[in-house]
Amino acid sequence: MRSVREAREQILSHFQPIPDWLLLPIEQADGYVLARDLHTDAFYPPFNNSSVDGYALRAEDCRQTPVTLQVVEDIPAGVAPQKSILPGQAARIMTGAMLPEGADAIVMVENTNHGIRATGEAAPHQVQVLQAVKPGENIRPRGMDLAPGSRVLQAGHRLRPQEIGLLAMLGLPQVEVTRPPHVAVLSSGDELLPPDQPLQPGKIHDSNSYSLAGLARRAGCKVTQLGVAPDNLADITALLNSAVRLGVDVILSSAGVSVGAFDYVKAAIEQNGQLEFWKVNMRPGKPLAFGAYQNIPFFGLPGNPVSAFIGFMVFVQPALERLSGLQTEELPRVSAILEEAVESDGRESYLRAILQTRDGIPHARLTGHQGSGNLFSLVQANALLIIPSGVKSLAPGARVEAWPIG
Ligand code: AMP
Ligand code: MG
């Protein structure tokens, strides 16, 4: 049986970034992956400006303070100054306003005899500077943050609100992003009902469609939920075919890939595609199939809700990231101190846990019983503890690797 690492590497070898890209208005681009490196040909700030409310002046005029200067202009933000500052002169200037010619420093209003500001108050004719300033003080020079030729953003970066703001700052109302992968999600099982139907004896609600669709959306994908196929080959094949007609990039199904008498998903893939493997040496989530259905990459996740979720995080997420063109960074892992004894059967295990920092040290405890159907314990968890293969028990106080899941 494949180890988690072997299975993941084999899966990833089948995925390449989608070459298509879209031009999106920046207000719609949050969460998309940048398609190209972005260089700037602009200076930022675009002009020398003041970082404070104060008086623009010549630093040499106020080596000895107090000194009285003549105020020759009032420069609010958004206005180009009209005058040059000559020896003995100053201009009142607001934060973000353009530095006038001749001035080489700004004294904060608090360090003048006009320290109390009233909105709407006109500039005085004279100002007394109470404290010396150095040349350049309180000035944000043109190009201080960005100069022409700087690489501003890197292709493969997932855009966040701060990048969207930066694009706007540079006057770029649109941005090229990679086309998000389109993922079809389906469930299989005679016992499954949609959440809007009342339960009947022997039935349960389909939860996997919803948690898997949510995970795929959070991974930046377009998702189509195809619903539930009953446990027979014809219906499963029909649902898989509808995914093919949609032209999806990935098919995600859950259940029907273990060794039960009604596990037809595996059979459907074998008939119309290739199954690369259907077992991984992990817990939870051993029955996990990967292959292709009519040349579309196919993941057959386990049926148990926690197994399906963890199978997504461990195998599907990295594949979707590669498809999206995302330059993935190493996932954050935390070394934590175990607060209770943990048993494992020697398979690489992913246990639901609460990670909590006490006295600056991360501690971890389990969220109740670890049955792979216990979705509630995943809801209570904020981390998965990764118990390496071969480890059968850990005592309280042992160091354990935790994967924060938010
Ligand atoms: P199976 O892989 O079909 O043997 O299913 C394993 C377990 O997962 C069974 O208890 C199923 O009832 C349960 N299960 C399968 N699919 C879902 C689903 N979509 N939502 C919730 N539970 C499911
Ligand atoms: Mg089943």
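In short, a report on the structure. What you see is a predicted model, and the numbers here were worked out from it, not measured in a lab.

Description of the layout of surface pockets
Space inside the largest pocket adds up to approximately 1300 Å³. Met-313, Gln-317, Glu-321, Leu-331 and Trp-403 are the residues nearest the centre of the largest pocket, which is lined by 36 residues in total. At the level of elements, α1 (4–12), α3 (208–218), α6 (305–323), α7 (375–380) and β27 (399–404) are the ones that each hand at least two residues to the lining of the largest pocket. With seven residues, α6 is the largest single contributor of residues to the lining of the largest pocket. Among the residues making up the lining of the largest pocket, the classes are represented as 17 nonpolar, eight polar and 11 charged. Within this model, the second largest pocket holds a volume of roughly 320 Å³. Of all elements in the fold, only β12 (182–188), β14 (204–205) and α6 reach the threshold of two or more residues within the lining of the second largest pocket. Looking at the lining of the second largest pocket, its residues break down into seven nonpolar, 13 polar and three charged.

Some words on the site of ligand 1
Near ligand 1 lie 16 residues; those nearest to it are Glu-191, Asp-206, Ser-207, Gly-303 and Asn-304. One nitrogen or oxygen atom from the main chain of Asn-304 is found 3.1 Å from an oxygen atom belonging to ligand 1. Isolated, ligand 1 exposes 490 Å² of accessible area, and the fraction of that covered by the protein chains is 77%. Assessed atom by atom at 2 Å from the grid points, ligand 1 resides in the second largest pocket. Counted by class, the shell around ligand 1 contains four nonpolar, nine polar and three charged residues.

Looking at the pattern of salt bridges
All told, the structure shown has 12 salt bridges when counted by the stated rule. Glu-163 is the salt-bridge partner of Arg-160, the closest N and O atoms lying 2.7 Å from each other. By relative accessible area, Arg-160 is classed as partly exposed at 40%. One salt bridge in this structure joins Arg-347 and Asp-345, with 2.8 Å as the shortest N-O distance.

Quick word on the sheet that holds strand β17 (residues 273–277)
Read across the sheet, six strands follow the order β15-β12-β16-β20-β19-β17 without closing on themselves; strand pairing throughout is mixed. Edge positions in the open sheet fall to β15 (222–229) and β17, since each of these has one partner strand only. Averaged over all pairs of adjacent strands, the angle between their axes in this sheet comes to 20°, without regard to strand direction. In this structure, β12 lies alongside β15, joined through seven bridges in parallel fashion. Along β15, the bridge assignment pairs Leu-186 with Gly-227. Packed on one face of the sheet, α1 meets β17, β19 (289–293) and β20 (296–301) and runs near 150° to β17. Sheet contacts for α3: β12, β15, β16 (250–254) and β20; angle to β15, the most-contacted strand, approximately 165°.

About the cut-offs
- Residues numbered from 1 in each chain as written.
- Chains lettered and ligands numbered in written order.
- Predicted model: local features only at pLDDT ≥ 70, side-chain atom pairs only at ≥ 80, totals over all residues.
- Heavy atoms only, no water.
- 1 Å grid on protein atoms, 1.4 Å probe; cavity = no way out; pocket = protein on both sides within 12 Å on 5 of 7 lines; lining within 4 Å.
- Points joined across faces, edges and corners; volume = space filled by probe spheres on them.
- Helix = DSSP H or I, 4+ residues; strand = E, 2+ residues; numbered from the N terminus.
- Nonpolar A, V, L, I, M, F, W, Y, C, P; charged D, E, K, R; others polar.
- Near = heavy atom within 4 Å.
- Polar contact = N/O pair within 3.5 Å; in protein donor to acceptor, adjacent residues only side chain to side chain.
- Areas by Shrake-Rupley, 256 points an atom, 1.4 Å probe, with all protein chains shown as cover.
- Sits in = over half its atoms within 2 Å of the grid points.
- Salt bridge = Lys/Arg side-chain N within 4 Å of Asp/Glu carboxyl O.
- Buried < 20%, exposed > 50% of the residue type's maximum accessible area, 1.4 Å probe, protein only.
- Pairing = 2+ DSSP bridges.
- Axes fitted to C-alpha atoms, helices over the stretch in contact; angles between N-to-C directions.
- Contact = heavy atoms within 4.5 Å.

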